[in-house]
Each structure stands twice: as structure tokens, then as C-alpha cells.
Amino acid sequence: MSKIIDGLLYSESHEWVKVDGNVAIIGVSDFAQSEMGEITYVDMPSEGDSLEQGEDFGALESVKAASELYCPVSGKVVAVNEELEDNPGLINEDAYANWIIKVEMNDEGELDSLLGPADYEKIAK
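Residues numbered from 1 in each chain as written. Predicted model: local features only at pLDDT ≥ 70, side-chain atom pairs only at ≥ 80, totals over all residues. Heavy atoms only, no water.

A. Representation of the overall build of the protein. Each helix and strand counted, the protein has 4 helices and 9 strands in total. Counting from the amino terminus, the protein carries its helices and strands in the arrangement β-β-β-α-β-β-β-β-β-α-α-β-α. Over its C-alpha atoms the protein spans a radius of gyration of 13 Å, differing by no more than 12% from the 14 Å that the globule rule assigns to 125 residues. C-alpha atoms of the protein, sized along the principal axes, occupy 35 × 30 × 20 Å. By the burial criterion, 47% of the 125 residues in the protein qualify as buried. Long-range contacts, defined as pairs at least 24 residues apart, comprise 64% of the intrachain contacts of the protein with a sequence gap of at least 6. Of the accessible surface of the protein, which amounts to about 6300 Å², a share of 41% is contributed by carbon and sulfur atoms. (Helix = DSSP H or I, 4+ residues; strand = E, 2+ residues; numbered from the N terminus. Rg over C-alpha atoms; globule rule 2.2 N^0.38 Å. Buried < 20%, exposed > 50% of the residue type's maximum accessible area, 1.4 Å probe, protein only. Contact = heavy atoms within 4.5 Å. Areas by Shrake-Rupley, 256 points an atom, 1.4 Å probe, with all protein chains shown as cover.)

Rendered as C-alpha cells:
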């Protein structure tokens, strides 16, 4: 069974969000990385890019598949995890320790549309 962390919010497209003030730290869930298999490439936006909730912001590529990443909140990208450029497999090692982007949120109310751990567990099967 996939690991689901309390204290995080989740999107139906399997991204997780950790809120730190007005910044959303965004990664991909353990369920998603396990479904992908060995991740070989992470496509990420650039710092300063503006994203809308639900907009694709990159992709994960693995030996099995490619999957778009969708931004769970609107805002400006303030950081990208550059470690993933050289070592995308870090997501397989620990999907929750290895965030993908950080977004300064435009509207924290968008967080209300995300799932809590119990609701996410129902779809992460």
C-alpha cells in the first residue's frame, strides 16, 4: 500500500501540497511514483513562471510511461528542485521528501478544493 502523509493536501491527479505560509510546496504522491516505476526524467517549469490551478507544469517520465504534472494551486514558481535534474530517481526513494516546485500562492482559498489524507486514500488504489 502506498504511503499517505497526514498534514498534506492532495489533488485528484496525485500531486501533494505542503503549505508553508503563502507558499505551496508541491510534489508527487507515493502512489503516483509507484505506478510510474523508475523515474528517469522530471520536466519542471522555470522560476518566475506563473501557473494556474489545474494547468500542467511539467511531466514525469519513467521506463514505463510519461505523466503530466498539474498545478494544484495558482501562483508564481519561486523555486524548483534542481537536485531532480541530475537525480530524478530521488522521487522513487521518497516522494514526500523530494518536492518538485514551490509556488507563491495567489489564492489560498484554492486549497479548499484539494483532498485531505483520508479522502485521498480512497482514490489512491
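Back to the write-up after that little detour.
B. Region of interest: the sheet that holds strand 3 (residues 23-28). Across the sheet, 6 strands lie side by side as 1-2-3-9-8-5; this open sheet has antiparallel pairing. Looking along the sheet, the strands with just one partner apiece sit at the ends: strand 1 (9-10) and strand 5 (50-51). Relative to strand 3, strand 2 (residues 15-20) runs antiparallel, the two sharing 6 bridges. Following the sheet pairing, Asp 20 is matched in strand 3 by Val 23. (Pairing = 2+ DSSP bridges.)

C. Main features of the nonpolar core. Core analysis: the biggest nonpolar cluster contains 27 residues, and Ile 26, Leu 60, Ile 91 and Ile 100 have the highest contact counts within it. Counting residues in each nonpolar core, the second largest holds 10 residues, with Val 23, Ile 25, Phe 31 and Ala 124 among its members. (Core = buried A, V, L, I, M, F, W, Y, C linked by side-chain atoms within 4.5 Å.)

D. Focus on a negative patch on the surface. Where like charges cluster on the molecular surface, the negative patch consists of Asp 43, Asp 49, Glu 52, Glu 55, Asp 56, Glu 61 and Glu 68. Along the chain, the position of Asp 43 falls in strand 4 (residues 39-43). (Patch = residues over 30% accessible without salt bridge, like charges linked within 9 Å, V, L, I, M, F, W, Y side chains within 5 Å. Salt bridge = Lys/Arg side-chain N within 4 Å of Asp/Glu carboxyl O. Lys, Arg positive; Asp, Glu negative; His and termini not counted. Charge placed at Lys NZ, Arg CZ, Asp CG, Glu CD.)

E. Spatial organisation of the pairing of strand 9 (residues 101-105). Of the two faces of strand 9, only one is covered, namely that formed by Ile 101, Val 103 and Met 105; the face formed by Lys 102 and Glu 104 stays uncovered. Pairing of strand 3 with strand 9 involves 4 bridges; the strand directions are antiparallel. Looking across to strand 9, one finds that Ile 25 is bridged to Lys 102. Strand direction decides the pairing type here: strand 8 (residues 75-80) and strand 9, joined by 5 bridges, are antiparallel. Bridge pairing in strand 9 places Gly 75 opposite Met 105.

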